[in-house]
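Single-letter residue listing:
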Amino acid sequence: ADAVDSILSIIASSMLAVTTFSLSIMVSAYGSATNNVTPRATKLLIEDRLTQTVLSTFIGSFLFGIVGLIVLRTGAYGERGRVVLFVVTIAVIALVVISLLRWIDHLTRLGRVGETTDRVEEATRDALEIRLRQPYLGGTPFRGAAEHGLRSSFAVTTERIGYIQHVDMPALARFCEAHDRDMYVNAVPGTFVYPHTPLVWIEDEASKDMGAALDAVKNAFSIGDERSFDQDPRFGLAVMSEIGSRALSPATNDPGTAIDVIGRNTRLLSLWSAGRRDGGDYEPDYPRVHVPPLDTDDLFEDAFMLMARDGAGLIEVQLRIQKALFALARMGDDAFRAAALKQAGLAFDRAQAALVMDADKERLSDLVRRHSEGASPRPLRGSSG
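Attention in this report is confined to the structure presented alongside it. Treat the numbers as computed from the prediction; the structure is a model and nothing was measured. (Residues numbered from 1 in each chain as written. Predicted model: local features only at pLDDT ≥ 70, side-chain atom pairs only at ≥ 80, totals over all residues. Heavy atoms only, no water.)

Two aromatic rings are characterised by how far apart their centres lie and by the angle between their planes. Per the counting criterion, the structure on display carries 6 aromatic pairs. Ring geometry for Phe192 versus Tyr194: centroids 6.4 Å apart, planes at 45 degrees, classification tilted. Aromatic rings pair up to connect Tyr163, Phe192 and Tyr194 into one cluster. (Phe/Tyr/Trp six-rings, centres within 6.5 Å; stacked < 30°, edge-to-face > 60°.)

Now the structure itself:
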């Protein structure tokens, strides 16, 4: 029992130093991810659950040591109380040791290009799987305002500038049920909005007099300065493409990372293809809320356009892009295959304009010619050599 005083002093002093050191390591890791990967991926590092848990343990141990010393010096504990405090202190030490071991293992990967790219891929996969389960965010298909004749309908607009981060579909469904109206969503997650941008259209022009009810519709749209991974699979693919594009910059000169990102995006889009094919009949949770689907062309553009442009003069990157796109062109429905072939043709045209050696151009042309025979019903632009 008499030893608890010195043990608490050690905990209080050492945990303060460990916490300060850990915070400096975190800041360095965030800076490394920002400089070597992309600033858009830093948010995933900040949200890392293990890092938050370990830091909470260190700070809690420091506070436990300080408070324990204060209570001991005031004489509030008797002999039994000091024994109980000693046992709890041993338990805190065990918790700190376990946290330190986990933290050391985690620090070897925190902020590294591969680890950060893994996090972005995982976040994108989660967003894609959610969207595959609810392709219209739980609503019904909506192909566009012109098709439904909504230009003359009442539009609920926003006065803010930013990106749609999240749409509260249950709130929109409650409005539709309460007022017996159908609603057509214009601004899906990832959309950049500005004053007078329509968030939704409501069929009945008289809806403009609803006042507070329309404020609830506006509040169902979370608008922020940056895009979010949660409901926006396109953002995840765009961030993956940014990682590959930054690796191709002259300052970094790391085509291997770009090739790795091409493979990751291929896995993600193959997941999208398989989910669309195996999705079966879709039953909407909110049948009166109409939501536009994700455009397959946009997904392919987000995933491959930047790397095809910035790596146009690198034969190793162009070969991998063509192989990935032609592999995807053998999956999915007609729209999916057409989008893959479109990006393959654009990448080929960029490469033909940027490659210097005739041997590289001929090698790429041969690859495209071989793959296009079984993947496309019509010749790709420039694929004849």
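Moving on from the model shown.
Helical periodicity: at 3.6 residues per turn, an α-helix aligns residues three or four positions apart in one direction. Helix length check: helix H9 (residues 233-247), at 15 residues, gives a terminal C-alpha distance of 22 Å against a target of 21 Å (1.5 Å per residue), a fit within 8%. With 12 of 15 residues buried, H9 is to be regarded as a mostly interior element. Of the positions making up H9, those classed as buried are Pro233, Phe235, Gly236, Leu237, Ala238, Val239, Met240, Ser241, Ile243, Gly244, Ser245 and Ala247. (Helix = DSSP H or I, 4+ residues; strand = E, 2+ residues; numbered from the N terminus. Expected span 1.5 Å × (residues − 1). Buried < 20%, exposed > 50% of the residue type's maximum accessible area, 1.4 Å probe, protein only.)

Turning to the pairing of strand E6 (residues 197-202), a few remarks are in order. Most of E6 is tucked away: 5 of the 6 residues are buried. One ladder, built from 5 bridges, connects strand E2 (residues 154-158) with E6; its direction is antiparallel. Within E6, the position partnered with Thr158 by the bridge is Thr197. Bridge analysis of strand E4 (residues 183-185) against E6 gives 3 bridges, and the strand direction is antiparallel. In the sheet register, Met183 faces E6, and the bridge partner there is Ile202. (Pairing = 2+ DSSP bridges.)

Let us now look at the environment of Ile104. Here Ile104 is to be found in helix H4 (residues 79-107). The sequence separation of Ile104 and Ala238 amounts to 134 residues, and the corresponding C-alpha distance is 32 Å.

Time to look at the pattern of salt bridges. One pass over the full model with this rule turns up 20 salt bridges. Asp5 serves as the salt-bridge partner of Arg73, at 3.1 Å between the closest nitrogen and oxygen. Remark: Asp5 occurs in helix H1 (residues 4-36) and Arg73 occurs in helix H3 (residues 49-73); sequence separation between them is 68 residues. Within this structure, Asp118, Glu121, Arg125, Asp260, Arg264 and Arg267 form a network of salt bridges that share partners. (Salt bridge = Lys/Arg side-chain N within 4 Å of Asp/Glu carboxyl O.)

Let's shift gears to unusual backbone geometry. The phi dihedral of Asp180 falls on the positive side, at around 55 degrees, and the residue is not glycine. Examined against the element boundaries, Asp180 turns out to sit in the loop between helix H7 (169-179) and E4.

Once that is clear, we can look at the nonpolar core. Considering soluble globular proteins, one finds that nonpolar side chains tend to be buried as a cluster. With 47 residues, the main nonpolar core has Val120, Leu269, Phe300, Phe304 and Ile321 as its most contacted residues. Looking at this core, the elements that each hand over two or more residues are helix H5 (113-133), H9, helix H10 (255-278), helix H11 (296-310), helix H12 (315-328), helix H13 (334-354) and helix H14 (358-375). Apart from the residues within four sequence positions on either side, Phe304 is in contact with Ser241, Ile262, Asn265, Thr266, Leu269, Ala324, Leu325 and Leu328. (Core = buried A, V, L, I, M, F, W, Y, C linked by side-chain atoms within 4.5 Å. Contact = heavy atoms within 4.5 Å.)

Strand pairing within a sheet occurs via backbone hydrogen bonds; the two strands may be parallel or antiparallel. Pairing is mixed across the open sheet formed by 5 strands, whose spatial order is E1-E8-E4-E6-E2. Looking at strand neighbours, the two that pair on one side only are strand E1 (140-141) and E2, the edges of this open sheet. As paired elements, E4 and strand E8 (residues 289-291) share 2 bridges and run parallel to each other. Residue pairing in the sheet places Met183 in a bridge with Val289 of E8. Across the face of the sheet, H7 comes into contact with E4, E6 and E8 while running at roughly 135 degrees to E8. Running at roughly 60 degrees to E2, helix H8 (residues 212-219) makes contact with E2, E4 and E6 of the sheet. (Axes fitted to C-alpha atoms, helices over the stretch in contact; angles between N-to-C directions.)

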